[in-house]
Amino acid sequence: EGAEEEDVLFFACYVQEYGADAGPWSAGRVSISYIDSVRHFESTPSGHRSTVYHALVNAYLADAASRGFAHAHIWVSPPKPGDDFIFHCHPEEMYKRMGLLKLKAWYESMLSKAKHQGIVTGWTDMFEHYRDAVRPADLPLFAGDYWVDALARHAEH
């Protein structure tokens, strides 16, 4: 996005891709750990930033599927005040935090578009999908993500 003759990065995401050699619980999966943006992008007509962000993530999901990845995991957790995911020091006037329910609805809207476009076949909440898991080994674990760290902290106690 150009702003006053300068290129401006306004959207980024951290993605991990796990190929066939990754082990039985992670193979063929992608994990989107963080999505972050700053409000430098101005849409015309206004109010379409989410449309663009949805299109960017869905384009990545389509690309991942075309390269053989069969499952995608998206971490849905809003940052706490003062936390920054990718962009450091969000200006407060540019930073409207979504609560968990609104953020979940934002992702569901994005995935609904992806399903309509044939990019995904469906989605579910990880808690619901793995509700019968009895061991940490029953869960897909991705390096550096919340669950790996939470399990390590739990094991220490």
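None of the values given here were measured: they were computed from a predicted structure.

*Asks:* Mind showing me how you'd approach helix α2 (residues 100-116) here?
*Replies:* Along an α-helix, residues three or four positions apart point the same way, because every turn accommodates 3.6 residues. In this model, α2 (17 residues) spans 24 Å end to end at C-alpha, consistent with the 24 Å of a helix rising 1.5 Å per residue. Among the residues making up α2, those that are buried are L103, W106, Y107, M110, L111 and A114. Buried positions in α2, seen along its axis, are confined to an arc of 130° and lie on one side of it. Away from the buried face of α2 by more than 90 degrees, exposed residues L101, K102 and H116 are located. Packed against the buried residues of α2 are β4 (29-37), α1 (49-66) and β5 (71-74). Just downstream of α2 lies G118, where phi reads positive at about 80°.

*Asks:* Explain the sheet that holds strand β3 (residues 11-18) to me, please; I cannot follow it from the model alone.
*Replies:* Sheets are built from strands that pair by backbone hydrogen bonding, the pairs being arranged parallel or antiparallel. Spatially, the three strands line up as an open sheet ordered β3-β4-β5, and their pairing is mixed. Edge positions in the sheet fall to β3 and β5, since each has one partner strand and no second. Adjacent strand axes in the sheet meet at a mean angle of 25°, parallel and antiparallel pairs treated alike. Relative to β4, β3 is paired through eight bridges, and the arrangement is antiparallel.

*Asks:* What exactly am I supposed to notice about the nonpolar core here?
*Replies:* A general feature of soluble globular proteins is that nonpolar side chains tend to end up buried together. Core analysis: the biggest nonpolar cluster contains 19 residues, and V57 and L61 have the highest contact counts within it. It is α2 that provides the largest number of residues to this core, a total of six residues. Every residue in contact with L61, bar those within four places of it in the chain, is listed here: I32, A72, L111, I119 and V120.

*Asks:* What should I look at first to understand the packing of aromatic side chains in this one?
*Replies:* The description of two aromatic rings rests on the distance between their centres and on the angle between their planes. Taken as a whole, this structure holds two aromatic pairs when the rule is applied. Note on Y14 and Y34: the rings are 5.8 Å apart at their centroids and 80° apart in plane angle, and the pair reads as edge-to-face. One end of the pair, Y14, is in strand β3; the other, Y34, is in strand β4, with 20 residues separating them in the sequence. A ring pair is formed by W106 and Y107, whose centres lie 5.1 Å apart and whose planes are at 90°; its orientation type is edge-to-face. Using a relative accessible area of 6% as the deciding quantity, one classes Y107 as buried.

Reading the values: the criteria
Residues numbered from 1 in each chain as written. Predicted model: local features only at pLDDT ≥ 70, side-chain atom pairs only at ≥ 80, totals over all residues. Heavy atoms only, no water. Helix = DSSP H or I, 4+ residues; strand = E, 2+ residues; numbered from the N terminus. Expected span 1.5 Å × (residues − 1). Buried < 20%, exposed > 50% of the residue type's maximum accessible area, 1.4 Å probe, protein only. Arc of directions from axis to C-beta. Contact = heavy atoms within 4.5 Å. Pairing = 2+ DSSP bridges. Axes fitted to C-alpha atoms, helices over the stretch in contact; angles between N-to-C directions. Core = buried A, V, L, I, M, F, W, Y, C linked by side-chain atoms within 4.5 Å. Phe/Tyr/Trp six-rings, centres within 6.5 Å; stacked < 30°, edge-to-face > 60°.

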